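# Structural features, examined
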Amino acid sequence: MDAAEFRKRGKEMVDYIADYLEKIDERQVFPDVEPGYLRPLIADCAPQNPETFEDVFKDIEKIIMPGVTHWHSPYFFAYFPAASSFPALLADMLCGGIGCVGFSWAASPACTELETVMLDWLGKMINLPEEFLAGKDGHGGGVIQGSASEATLISLLAARTKTIRRVQSEKPELTEADIMGRLVAYASDQFCATLGTTPCCSFDKLLELGPICNKENIWMHIDAAYAGSAFICPEFRHLLNGVEFADSFNFNPHKWLLVNFDCSAMWVKKRSDLTGAFKLEPLYLQHHHQESGLVTDYRHWQIPLGRRFRSLKLWFVLRMYGVTGLQEHIRKHVRLSHQFEHLVRQDERFEICAEVILGLVCFRLKGSNELNEALLKSINAAKKIHLVPCHLREKFVLRFAICSRTVESTHIKFAWQHISQLATDLLKTWEQNHHQQKQQ
Ligand SMILES: *Cc1c(COP(=O)(O)O)cnc(C)c1O
């Protein structure tokens, strides 16, 4: 493919994506395929001779789309949202076009510097304490990780190194192995200090945890993967109070801030805690400068060496939506979750299982876990909407997460009517079976 054909095909691909997203509600949200569906549809090995773009393109609808779960359908209410927007998609194209691998400042200065500034922008949007911002004095700063799980692992490793060095300076007779064997990581059943847990979007009390961590010299990492985006709205910012006690903080713009996966924003108060743990300087990567607010080598802030130019999509989205546009997006989702909550509360057969704070509603039929498992099964078998469950204190609970950028009140009403009808059908057969069992 030469540049002339790329121009032509690029336009066709943009049209295809725009059509896909514009009419996504016409597709069944969850696919009909069985495991192993794909292999029989494609060749056993890579083609010896080149194929044309048309050959590949026609296989998208034939081979790929039948096996796609449509995360951006307004009938998708599973997991948590996967952010997506047109500005982010365009920025990702540019990222691919530039195609740099920005592991150090010199490897592509714009890749590093835009990321540093975007993380300061984002930090200011959620009113993060200034110590976390690179622009303050160059001690703190932010970095884009691939996922919240990576950010948690990195914090754990950095905390380990920091603690080992501290203990070694106090007790030089101890070896690293001696200390390593005695380290303790404290966590609840949903892991570290979390704002917006995955099962039910509950919030840890940072104002209680934080001072204890600080007093006992314990690294505090806060995971706000989903909920973090909401802190750009002043009415939700109080949920972040206590972040001033943390050593590291993370949330995923790729969940709820309209920036396509992957873009997980992580901040630390002391960049030296990360670089101290991960610094690796073979000769071919040395550029004779110091890490500071101006020159950052992000390879010391992450597990991999290579990294994409991911800040472009943050830059495009933050500029083209503006803070107010993004606040509208968050507020619409929260409004829709309360609409769904209201519908559930009006039906006496159901109960709400956790306080609805942001865009997630946990609910169930009053009754056994088996009954609720059967309800979820019938919902996901009908494939008109898609949900996933969770366990809350041994109870089987259905999670209804507001996900799509384009979801509206009508979709919420439809989803509820559908769930409530399936519940009616289920309860009829359930009671009959129960009655028969009793008679036997
Ligand atoms: C979604 C989620 C994660 C995992 O996020 P990844 O970026 O996919 O690793 C971690 N913690 C919480 C609280 C989440 O909601």
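These remarks concern the structure in this document. (Residues numbered from 1 in each chain as written. Predicted model: local features only at pLDDT ≥ 70, side-chain atom pairs only at ≥ 80, totals over all residues. Heavy atoms only, no water.)

## Focus on helix H4 (residues 109-125)
With 17 residues, H4 extends 24 Å between its outermost C-alpha atoms, agreeing within 8% with the 24 Å of an ideal straight helix rising 1.5 Å per residue. Taken together, the buried positions of H4 are Cys111, Thr112, Leu114, Glu115, Thr116, Met118, Leu119, Asp120, Leu122, Gly123 and Met125. Looking at the buried residues of H4, the elements they touch are helix H5 (134-137), strand S1 (141-145), strand S4 (248-251), helix H9 (253-256), strand S5 (264-268) and helix H11 (311-345). Just beyond H4, the residue with positive phi is Asn127, at close to 55°. (Helix = DSSP H or I, 4+ residues; strand = E, 2+ residues; numbered from the N terminus. Expected span 1.5 Å × (residues − 1). Buried < 20%, exposed > 50% of the residue type's maximum accessible area, 1.4 Å probe, protein only. Contact = heavy atoms within 4.5 Å.)

## Points about the nonpolar core
Membership of the largest hydrophobic core comes to 100 residues, with the highest contact counts inside it found for Phe249, Phe363 and Phe400. Beyond its immediate stretch of four places on either side in the chain, Phe363 contacts Phe340, Val344, Phe350, Glu351, Ile352, Cys353, Leu387, Val397, Leu398, Phe400, Trp416 and Ile419. Counting 12 residues, the second largest nonpolar core, distinct from the first, contains Val143, Ile154, Met266 and Tyr298. (Core = buried A, V, L, I, M, F, W, Y, C linked by side-chain atoms within 4.5 Å.)

## Brief notes about the packing of aromatic side chains
On inspection of all chains with the given rule, the structure shows 19 aromatic pairs. With a centroid separation of 3.9 Å and an interplanar angle of 5°, the aromatic rings of Phe80 and Tyr226 are classed as stacked. You can see Phe80 sitting in the loop between helix H2 (53-64) and helix H3 (86-98) and its partner Tyr226 sitting in the loop between strand S3 (221-223) and S4, a full 146 residues away along the chain. The exposure classification of Phe80 matches that of Tyr226, with both residues buried. Both rings, one in Phe340 and one in Phe363, keep their centres 5.3 Å apart while their planes meet at 75°; by these two values the pair is edge-to-face. Taken as a pair, Phe340 in helix H11 and Phe363 in strand S7 (residues 360-365) lie far apart in primary sequence, 23 residues in all. The two residues Phe340 and Phe363 agree in class, both being buried. An aromatic cluster is built from Phe77, Phe340, Phe350, Phe363, Phe400 and Trp416, whose rings are joined through pairwise contacts. (Phe/Tyr/Trp six-rings, centres within 6.5 Å; stacked < 30°, edge-to-face > 60°.)

## Structural notes on the layout of surface pockets
In this structure, the largest pocket spans a volume of roughly 1000 Å³. Contributing to the lining of the largest pocket are 34 residues, with Val184, Ala185, Tyr186, Ile218 and Trp219 lying nearest its centre. Of all the secondary-structure elements, those providing two or more residues to the lining of the largest pocket are helix H6 (148-170), helix H7 (176-180) and helix H8 (206-215). Residue composition of the lining of the largest pocket, grouped by class: 20 nonpolar, 6 polar and 8 charged. (1 Å grid on protein atoms, 1.4 Å probe; cavity = no way out; pocket = protein on both sides within 12 Å on 5 of 7 lines; lining within 4 Å. Points joined across faces, edges and corners; volume = space filled by probe spheres on them. Nonpolar A, V, L, I, M, F, W, Y, C, P; charged D, E, K, R; others polar.)

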